[in-house]
Amino acid sequence: MMRPTEPSPSVLSRSSRSGVLDSRRWHMLSIYMILGILNQTLWLSFAATPAATASRFDVDERFVAYLAVLCNAVYVPGSWLCTWLLRSHGLAKVMHVACWLQLFGSFLRWLADLLLRPISGPLGFLGLFCGQGVAAVASPLIMNTPAVFADAWFGKREREGVLAAGALSPIFGQGLGSALAGFIVGPDAQGTETLLAGQALLSLILALWTINQFMDAPGAVPSDGNSSTLREALQLLCRPHFFLILVIFNCGMALAASTLTLFGDIASNCGYTSTDAGFASGLFMIGGVSGSLGTGYVLGATRAYQTILRCSIFTAVLGGCLFLVMLRPANLLGLLITVTFFGAFMMSSLPALLSNAVEETFPTPPEISTTLLFNSAILLQVFFTPLAQFILNQDEGCSSWGSKYSSFNMYIGCFGCLLPALLYCGKNNRMLAENQESTFSS
């Protein structure tokens, strides 16, 4: 009988950390998820009230839109900061720095509105803009690390579910941030000071909690800080199956982001009110949370990564088709039902994509693959959402099945998501390494 080959030290160390079942892991997960949710509420604080915010600070409305674009612009440099901190100091240092950035940025936004705006509206907006930029640098420190966090603190059967929760919390925070802003801030911008002060206070509480309680997993050690992140990223782009994952992830995230951003206009063109659109967006996110967590649980229980990926992408495209079919005037109940299922199917693919990316690129550190995925998706959204809005404006009336907007979305869904998913045949390298270690240990 042939003796199994001994795994490399890097495989052993990563696998052993994956198997750590420390009782504090759920406490760490709570901190991680709340940090991600709060960070994204800062990102989209003004997306729901652009006209009121512009009037409050006496600036053009397009400058308010730049607050969200600014977060996209600083995402890439923030990602390099995340990778450097993670490799040099570990995950706990990354979360601590994220807290400090978020705390300073949120207080700067609040003080700009409280102290500078009464002197000069544009001056107050400049302070608000700077605070938004500082807080935005913390976003990639959180969004790029769910696979690292799950791998460090949780075992093989739990980490996919944790990965789903960690990756979904920032996305859930985006919807929550927009909804809270719309609820707290009135049409005349009253309530803005309450929103900013509340976010600053929550940032302070969360920073104290994180800095005092969040720690690295037992046995975790920083990676080699001297290795070339850029070289590793370029090597991943040359791997055909990872590139397919990248295409699916980018197209799927772009479709989800543009749908949520433009849903108010889409619903209005079909005769629905802003209240109907807000309710539908909320159901989309609720369905997304359920679908993502469900997929994470099934991934952990079965580890059938490729099968679950194909099923989740197929159902997401099918859900998108049903949504477009039901998108017609005087069909609110049918639209709400299909929007909920569309969100569940669409977001269910997120943990499947991240898990397959980590499996295919192992033993490359998971932060490299997740950083590539989120960076490229964030950058694509800068161009994709305006393009989708331009195509939406070409339709006369409701953009239901057969319209230019629906055809555009279906082409992206079929050729950018479904076809690459059918072609994907990547290897489960991490699972093979763990099985090899188990065989060697026994």
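Remember, predicted model here, so these are calculated numbers, not experimental data.

### So, unusual backbone geometry
Omega for the bond connecting phenylalanine 362 with proline 363 falls within 30 degrees of zero, at 10°, which places this linkage in the cis form. Within the element layout of this structure, proline 363 appears in the loop between helix 15 (332-361) and helix 16 (366-394). Its identity is not glycine, yet aspartate 58 carries a phi of approximately 55°, on the positive side. By the element assignment, aspartate 58 lies in the loop between helix 3 (50-57) and helix 4 (61-73). Judged by relative accessible area, aspartate 58 falls into the exposed class, the value being 60%.

### Observations concerning the side chain of asparagine 356
Along the polypeptide, asparagine 356 turns up in helix 15. Among the polar contacts made by the side chain of asparagine 356, one reaches the main-chain carbonyl oxygen of tyrosine 305 at a distance of 3.1 Å. Those residues in contact with asparagine 356 that lie beyond four places of it in its chain are Ile245, Tyr305, Gln306, Leu309 and Tyr424.

### Comments concerning the side chain of asparagine 39
Of note, asparagine 39 is situated in helix 2 (residues 25-43). A polar side-chain atom of asparagine 39 sits 3.5 Å from a polar atom in the side chain of serine 139. Apart from residues no more than four positions distant in its own chain, asparagine 39 is found in contact with Gln102, Ala135, Ala138, Ser139 and Ile142.

### What to know about the confidence of the model for the protein chain
In the predicted model, the protein chain carries a mean pLDDT of 82, and 89% of its residues have values of at least 70. Averaged pLDDT values over the elements of the protein chain bottom out at 41 in helix 1 (residues 9-18) and peak at 93 in helix 6 (residues 91-116). The low-confidence segment residues 1-20 (pLDDT under 50) makes 39 contacts with residues lying over four places distant or belonging to another chain.

### Regarding the environment of phenylalanine 57
Position of phenylalanine 57 relative to the elements: it lies in helix 3. Along the chain, phenylalanine 57 and proline 122 lie 65 residues apart, while their C-alpha atoms are 5.8 Å from each other. Each residue touching phenylalanine 57, except ones within four places of it in the same chain, is listed here: Asp113, Arg117, Gly121, Pro122, Gly124, Phe125 and Leu128.

### Observations concerning the state of the cysteines
Overall, the coordinates contain one disulfide when judged by the stated rule. Each sulfur of the disulfide joining cysteine 270 and cysteine 398 lies 1.8 Å from the other. Sign of the S-S torsion, about 75° for the bond between cysteine 270 and cysteine 398, identifies this disulfide as right-handed. Here cysteine 398 lies in the loop between helix 16 and helix 17 (404-423) and cysteine 270 lies in the loop between helix 12 (240-269) and helix 13 (274-302), a separation of 128 residues in the sequence.

### Observations regarding the environment of methionine 33
Summarising the element assignment, methionine 33 is placed in helix 2. What makes methionine 33 partly exposed here is its relative accessible area of 26%. C-alpha of methionine 33 to C-alpha of serine 169: the two residues are 136 residues apart in sequence and 5.5 Å apart in space. When near neighbours in sequence (up to four residues on either side) are disregarded, methionine 33 contacts Ala165 and Ser169.

### Topic: the pattern of salt bridges
The tally for this structure, following the rule as stated, stands at eight salt bridges. A single salt-bridge network, built from bridges that share partners, covers Arg56, Asp113, Arg117 and Glu193.

### As for the packing of helix 2 against helix 6
Look at helix 2 against helix 6: their axes get within 11 Å of each other, and the N-to-C directions meet at 30°. The way helix 2 lies across helix 6 gives a crossing that is left-handed. Of the residues in helix 6, those touching helix 2 at Tyr32, Leu35, Leu38, Asn39 and Leu42 are Met95, Cys99, Gln102, Ser106 and Arg109. Across the contact of helix 2 with helix 6, the residue classes break down as six nonpolar, three polar and one charged.

### A look at the packing of aromatic side chains
Using the criterion set out here, one finds 13 aromatic pairs in the structure. Consider the rings of tyrosine 32 and phenylalanine 149, whose centres lie 4.7 Å apart with planes at 5°: the pair is stacked. Placement of the pair is tyrosine 32 in helix 2 and phenylalanine 149 in helix 8 (residues 146-153), with a sequence separation of 117 residues. Both residues of the pair, tyrosine 32 and phenylalanine 149, belong to the buried class. Ring centres 5.5 Å apart and planes at 15° place the aromatic pair phenylalanine 323 and phenylalanine 342 in the stacked group. Linking phenylalanine 323 in helix 14 (residues 305-326) with phenylalanine 342 in helix 15, this pair joins segments that are 19 residues apart in sequence. Three or more aromatic residues joined by ring pairs make a cluster, and in this case those are Trp26, Tyr32, Phe149, Phe154 and Phe214.

### Observations regarding empty space enclosed by the protein
Inspection of every chain in the model, using the stated rule, returns four cavities of 30 Å³ or more. The calculated volume of the largest cavity comes to roughly 310 Å³. Lining the largest cavity are 24 residues, and of these Gly252, Leu255, Ala316, Phe342 and Met346 lie nearest its centre. Contributions of two or more residues to the lining of the largest cavity are made by helix 12, helix 14, helix 15 and helix 17. Examining the composition of the lining of the largest cavity, we find that seven residues originate from one element, helix 12, more than from any other.

About the criteria used
- Residues numbered from 1 in each chain as written.
- Predicted model: local features only at pLDDT ≥ 70, side-chain atom pairs only at ≥ 80, totals over all residues.
- Heavy atoms only, no water.
- Helix = DSSP H or I, 4+ residues; strand = E, 2+ residues; numbered from the N terminus.
- Buried < 20%, exposed > 50% of the residue type's maximum accessible area, 1.4 Å probe, protein only.
- Polar contact = N/O pair within 3.5 Å; in protein donor to acceptor, adjacent residues only side chain to side chain.
- Contact = heavy atoms within 4.5 Å.
- pLDDT = per-residue confidence, 0-100.
- Disulfide = S-S within 2.5 Å.
- Salt bridge = Lys/Arg side-chain N within 4 Å of Asp/Glu carboxyl O.
- Axes fitted to C-alpha atoms, helices over the stretch in contact; angles between N-to-C directions.
- Left-handed = near helix turned anticlockwise from the far one by under 90°.
- Nonpolar A, V, L, I, M, F, W, Y, C, P; charged D, E, K, R; others polar.
- Phe/Tyr/Trp six-rings, centres within 6.5 Å; stacked < 30°, edge-to-face > 60°.
- 1 Å grid on protein atoms, 1.4 Å probe; cavity = no way out; pocket = protein on both sides within 12 Å on 5 of 7 lines; lining within 4 Å.
- Points joined across faces, edges and corners; volume = space filled by probe spheres on them.

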